[in-house]
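Structural description and commentary
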Amino acid sequence: MKLLSFMHDGQARFGALRGQDEIVALDGHGHDSLRAALEAGDLPALARLAESLPATHRLDQVRLLPPIPAPEKIICVGVNYGKRNEEYQDGSAPPAYPSVFPRFPGSFVGHGEPLLRPPESEQLDYEGEIAIVIGKAGRRIAAADAWRHVAGLTCLNEGTVRDWLKHGKFNVTQGKNFDASGSMGPWLVTADEFDPAAPLTVCTRVNGELRQQDTTENLMFPFAELIRYISIWTTLKPGDIISTGTPIGAGVRFTPPRFLKPGDVVEVEVAGIGVLSNPVADEPAVSA
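In this text the structure is predicted, and so the values were computed from the model without any measurement.

Cut-off values and rules
- Residues numbered from 1 in each chain as written.
- Predicted model: local features only at pLDDT ≥ 70, side-chain atom pairs only at ≥ 80, totals over all residues.
- Heavy atoms only, no water.
- Helix = DSSP H or I, 4+ residues; strand = E, 2+ residues; numbered from the N terminus.
- UniProt positions renumbered as here; feature names shortened; annotations may be inferred.
- Phe/Tyr/Trp six-rings, centres within 6.5 Å; stacked < 30°, edge-to-face > 60°.
- Lys NZ or Arg CZ within 6 Å of the ring centre and 35° of its normal.
- Buried < 20%, exposed > 50% of the residue type's maximum accessible area, 1.4 Å probe, protein only.
- Pairing = 2+ DSSP bridges.

1. Observations regarding unusual backbone geometry
- Of note, the bond from Gly185 into Pro186 is cis; its omega dihedral lies within 30 degrees of zero at 0 degrees.
- When you line up the elements, Pro186 lands in strand β14 (residues 182-190).
- A cis amide bond, omega -5 degrees, links Thr255 with the succeeding residue Pro256.
- Here Pro256 shows up in the loop between β17 (241-243) and β18 (265-270).

Right under this line is the structure:
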């Protein structure tokens, strides 16, 4: 099942995608948001509603939001594909623990919305990733039990303002949290649609040119290990997002670097989920 959040006539709503372009609105049936439905553990009920109710909208009639517009936590994982560690060319051994950092909900937009290049930098970059959406709360979750805590997966572009990553000696938070610099969506595909043992492929295209491509077989820390490790130090809650890392091929790694500019279109595609597509624009000037 594909679940999505959207705006229609100025109202935030959520629903299920039926076929290629029909949306069945599911708010008003006990929950006002997809996060609330996950917190109640009502995915089976949503599936029944999605099958029984008539379609209410078409995709071209709505503005898509990130699948979970207001998660409590967005935790991103850095340098998680095997070749990414080699990309740094610093002779370091593979890490013993995942590298993690937070992102804020306002740094993401939905499918089709523009990624905004801020006036403070011309180094807006892309990072195509697979994101886990938590469906069941847990602390100190065993790796063997991890998939039971997953509501589904979505595509994520972990857009980054590269020069702002270097402002702090021990953190990257600034460069990872510019408003509307990343995107998520277009929808959440529920966990029952995936074989947790089967590899998934993620790729990123800029203006149709393939820039990144890899498979989760090459993750240094697989999904289950990320859930186990992160849940040691923080309680994972329904709607929380874990973005699992990006393959080699980000714009900063080209010579010269190939950063995003207005008019570019970035697509992140994950097998079994779909394509997350966003144009790039300069952030509009705001008068003081």
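2. Here's the deal with the UniProt feature "domain: Rv2993c-like N-terminal" (unreviewed entry) in the protein chain
- Those places that UniProt annotates as "domain: Rv2993c-like N-terminal" (unreviewed entry) correspond, in this numbering, to residues 1-67.
- The span residues 1-67 shows a helical share of 24% and a strand share of 34%, and its end C-alpha atoms are spaced 13 Å apart.

3. Topic: the packing of aromatic side chains
- Counted under the stated rule, the structure contains two aromatic pairs.
- A cation over an aromatic ring shows up here: Arg258 above the ring of Phe254, its NZ or CZ 4.9 Å from the ring centre.

4. Regarding the pairing of strand β12 (residues 150-157)
- Counting buried positions along β12 gives eight out of eight residues, so the element sits mostly inside the fold.
- Of the pairings in the sheet, the one linking strand β11 (residues 128-134) to β12 comprises seven bridges and is antiparallel in character. Considered in β12, the bridge of Val133 is made with Gly152.
- Bridge count for β12 against β14 is five bridges, and the pairing is antiparallel. Following the sheet pairing, Cys155 is matched in β14 by Gly185.

5. Looking at the pairing of strand β6 (residues 74-78)
- Judged by how many residues are buried, β6 sits mostly within the fold: five of five residues are covered.
- Where burial is concerned, the two faces of β6 agree: the one with Ile74, Cys76 and Gly78 and the one with Ile75 and Val77 are both buried.
- Sheet analysis places β6 next to strand β7 (residues 99-103), joined by five bridges and oriented antiparallel. Its bridge partner lying in β7, Ile74 is registered against Arg103.
- Here β6 runs beside β17; their pairing, made up of three bridges, is parallel. Across the sheet, Cys76 pairs through a bridge with Ser243, a residue of β17.

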